[in-house]
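The residues making up each chain are set out below.
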Amino acid sequence: MPTLNEVALRAGVTPATVSNVLRNKGRVGEKTRQRVLDAIAELGYRPHLPARALAEGRAPTIALMVSSIANPFYPEFALAVENALRRQGRFLIICNTDGDPQTGRAYLDQIAGTLSEGVLVMNANLDFEDLRMTQLRGAPVVLCMWERPLDPPGLPCVAVDFRLAGELAGQHLLSLGHRRIGAIVGSKVYGIHAARYDGFVDAMQAAGLDGRAAPVRYAPDTTQGGYASALDLLKQHPDLTALFTTNDLPALGAMQAAADLGLCVPRDLSVIGITDIQLARESRPALTTVAVPTVEAAELAVASLLELIETPRRRAEGAPSGAVPMSVTSEPHLVERASTAPVRGAGHVGVCGEG
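A separate point is the packing of aromatic side chains. Using the criterion set out here, one finds 6 aromatic pairs in the structure. Ring geometry for Tyr197 versus Phe200: centroids 6.2 Å apart, planes at 25 degrees, classification stacked. In this pair, Tyr197 and Phe200 both sit in helix 9 (residues 194-206), 3 residues apart, roughly one turn of the helix. The pair Tyr197 / Phe200 is uniform in exposure class, with both members buried. Between Phe200 and Phe244 the ring centres are 4.5 Å apart and the planes differ by 5 degrees, which places this aromatic pair in the stacked class. Remark: Phe244 occurs in strand 8 (residues 242-245) and Phe200 occurs in helix 9; sequence separation between them is 44 residues. For the pair shown, Phe200 and Phe244 are each scored as buried. Ring-pair connections join several aromatic residues into one group, and the members of that group are Tyr197, Phe200, Tyr218 and Phe244.

Structural data, given as C-alpha cells:
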C-alpha cells in the first residue's frame, strides 16, 4: 500500500504539502495541488485514518451505537445518519451492542475519543454514568430519539414525542369503532416503549374507557415477540377486534399470528404499529402505523453532536444543569394503510373473500 512519503516523492513536494492537500489546509498553489492529486490517483493512495486521527488529535468518524442491527429500523436510521455525516465530510462507524451493556462499555472505552470523535446512542442499553464518563474523557455523546421530551435524560439528546404516537394509534382504532383492543408492548413494563403505551392509555381514557384494563402483553421488540404475544392474547381474549402494538415489527408478527389462527386482517382484526419502517409498506396487508420523523431525528442528532465537538468548553466542563441541549422533532403522524378497518357490524366490508 503506497505511503504519504511515496506520494510526496512522486509529486516532487514535501510530505507536509501532501498532508495540506488532503486536509484542504495551508497555502498550496493550484499547480502543486494538482500534481499531488495526480500522484494520489496514480499510486492509489488512501489516507490511514487511525494515524491521521493520532496526528491531528481528532478523528473524521462518528460512532453510532445501536442495540440490534438486525432490527430493520436501525439500518434505516443509520443510513440517514451516514447521509448527514457525509455532507459534513465525515464517516460513520456502527457499533452493535446486542443489548449487552458490557459490549457497549467496551465500545465506549476503545472507540470514543480515538477512532470516533463523538458518539450517537440509539437504545443501546447503556448506563448513563458510562456515557457521562465518555463525555468527561472528551468525546461528546448525543442520545437519539429519546422517547419522553417532557422528561429530559440529563444528557444531550434528540427527542421524539412517542407518547403522542401511541395516542394517535389509539385514537385511530377508536375512530373505527373498536372498543375491545389488546396491546402488545415491545419492551419491559418500564422499558423504552412505556411512553408509547401511556399514549394509547391516554386515548382510551379520553374515550371513557379504562385503558389500563385492556389486555396487554410485554414482549421482545421483534416479529417473533409480536407473534407469540398475539397468539396468547387472541386465544385468551377471542373477542378482541384490534391490536395496538408499540412498534412495527411486533405488529407484523401479530398479523402472522392472526393468519395462523384463521383470522383475516383487517376484516376480523385490525392491527396498528408505530415507526413506519420499510417493511410496513411492503407487508400484505400493508401495515397502518404512526410514522416518526426518522430522517429529521438523524439530521438533528448529527447537527447536535457536531456542535458539541466544535465547542471544546462544553466538552471539557460538561453542560451546566438546566442547559443540557435537547432538540425535539416534528410530531409523529398517522399513516393509514390496509391493516385497519371499521369494526365488523359498523359498515365494514370484508376484504378476505367474504363480507
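It is worth spelling out the layout of surface pockets at this point. The space that makes up the largest pocket amounts to roughly 1,000 Å³. The wall of the largest pocket is formed by 37 residues, among which Ser67, Asn123, Ala124, Asn125 and Ile192 lie closest to the centre. Where the lining of the largest pocket is concerned, the elements lending two or more residues are helix 5 (73-86), strand 3 (119-122), helix 7 (128-136) and strand 4 (141-146).

This part takes up the sheet that holds strand 1 (residues 61-66). Spatial ordering of the open sheet is given by 2-1-3-4-5-11, a layout of 6 strands whose pairing is parallel. On the outer flanks of this sheet lie strand 2 (91-96) and strand 11 (326-328), each paired with one strand and no other. Pairs of neighbouring strands in the sheet enclose a mean axial angle of 20 degrees, with direction left out of account. Sheet analysis places strand 3 next to strand 4, joined by 3 bridges and oriented parallel. For Val119, the partnering residue across the bridge sits in strand 4 and is Val141. Relative to the sheet, helix 13 (residues 294-309) contacts strand 1, strand 3, strand 4, strand 5 (157-159) and strand 11, its axis offset from that of strand 4 by approximately 160 degrees.

Here the structure, examined in full by the defined rule, presents 17 salt bridges. Arg196 is paired through a salt bridge with Glu147; the nearest N and O atoms lie 2.5 Å apart. Highlighted residues: Arg196 in helix 9 and Glu147 in the loop between strand 4 and strand 5, separated in sequence by 49 residues. By relative accessible area, which is 3% here, Arg196 ends up buried. Take Glu147: its relative accessible area is 5%, and that puts it in the buried class. Between Arg281 and Asp276 there is a salt bridge; the shortest N-O distance is 3.5 Å. The exposure class assigned to Arg281 is partly exposed, which follows from its relative accessible area of 34%. For Asp276, a relative accessible area of 14% translates into the label buried. In this structure, a network of salt bridges that share partners links the residues Arg90, Glu117 and Glu310.

Moving on, we come to a nonpolar patch on the surface. Among the surface-exposed residues, Val189, Tyr190 and Tyr218 lie close enough to one another that they form a single nonpolar patch of about 370 Å² accessible area. Here Val189 shows up in the loop between strand 6 (181-185) and helix 9.

A separate point is the environment of Leu287. In this fold, Leu287 is placed in the loop between helix 12 (278-282) and strand 10 (288-291). In this structure Leu287 comes out as buried when scored by relative accessible area, which is 0%.

A few words now on the packing of helix 1 (residues 4-11) against helix 3 (residues 30-43). Running from amino to carboxyl end, helix 1 crosses helix 3 at an angle of 125 degrees, the nearest separation of the two axes being 9 Å. On the basis of their axis angle, the class for helix 1 and helix 3 is oblique. Every pair of crossing elements has a handedness; the one defined by helix 1 and helix 3 is right-handed. Along the contact surface, helix 1 presents Glu6, Val7, Arg10 and Ala11, while helix 3 presents Arg35, Val36, Ala39, Ile40, Glu42 and Leu43. Its residues assigned to classes, the contact of helix 1 with helix 3 comprises 6 nonpolar, no polar and 4 charged.

The rules we used
- Residues numbered from 1 in each chain as written.
- Predicted model: local features only at pLDDT ≥ 70, side-chain atom pairs only at ≥ 80, totals over all residues.
- Heavy atoms only, no water.
- Phe/Tyr/Trp six-rings, centres within 6.5 Å; stacked < 30°, edge-to-face > 60°.
- Helix = DSSP H or I, 4+ residues; strand = E, 2+ residues; numbered from the N terminus.
- Buried < 20%, exposed > 50% of the residue type's maximum accessible area, 1.4 Å probe, protein only.
- 1 Å grid on protein atoms, 1.4 Å probe; cavity = no way out; pocket = protein on both sides within 12 Å on 5 of 7 lines; lining within 4 Å.
- Points joined across faces, edges and corners; volume = space filled by probe spheres on them.
- Pairing = 2+ DSSP bridges.
- Axes fitted to C-alpha atoms, helices over the stretch in contact; angles between N-to-C directions.
- Contact = heavy atoms within 4.5 Å.
- Salt bridge = Lys/Arg side-chain N within 4 Å of Asp/Glu carboxyl O.
- Patch = residues over 30% accessible without salt bridge, like charges linked within 9 Å, V, L, I, M, F, W, Y side chains within 5 Å.
- Areas by Shrake-Rupley, 256 points an atom, 1.4 Å probe, with all protein chains shown as cover.
- Parallel < 35°, antiparallel > 145°, perpendicular 65-115°, else oblique.
- Left-handed = near helix turned anticlockwise from the far one by under 90°.
- Nonpolar A, V, L, I, M, F, W, Y, C, P; charged D, E, K, R; others polar.

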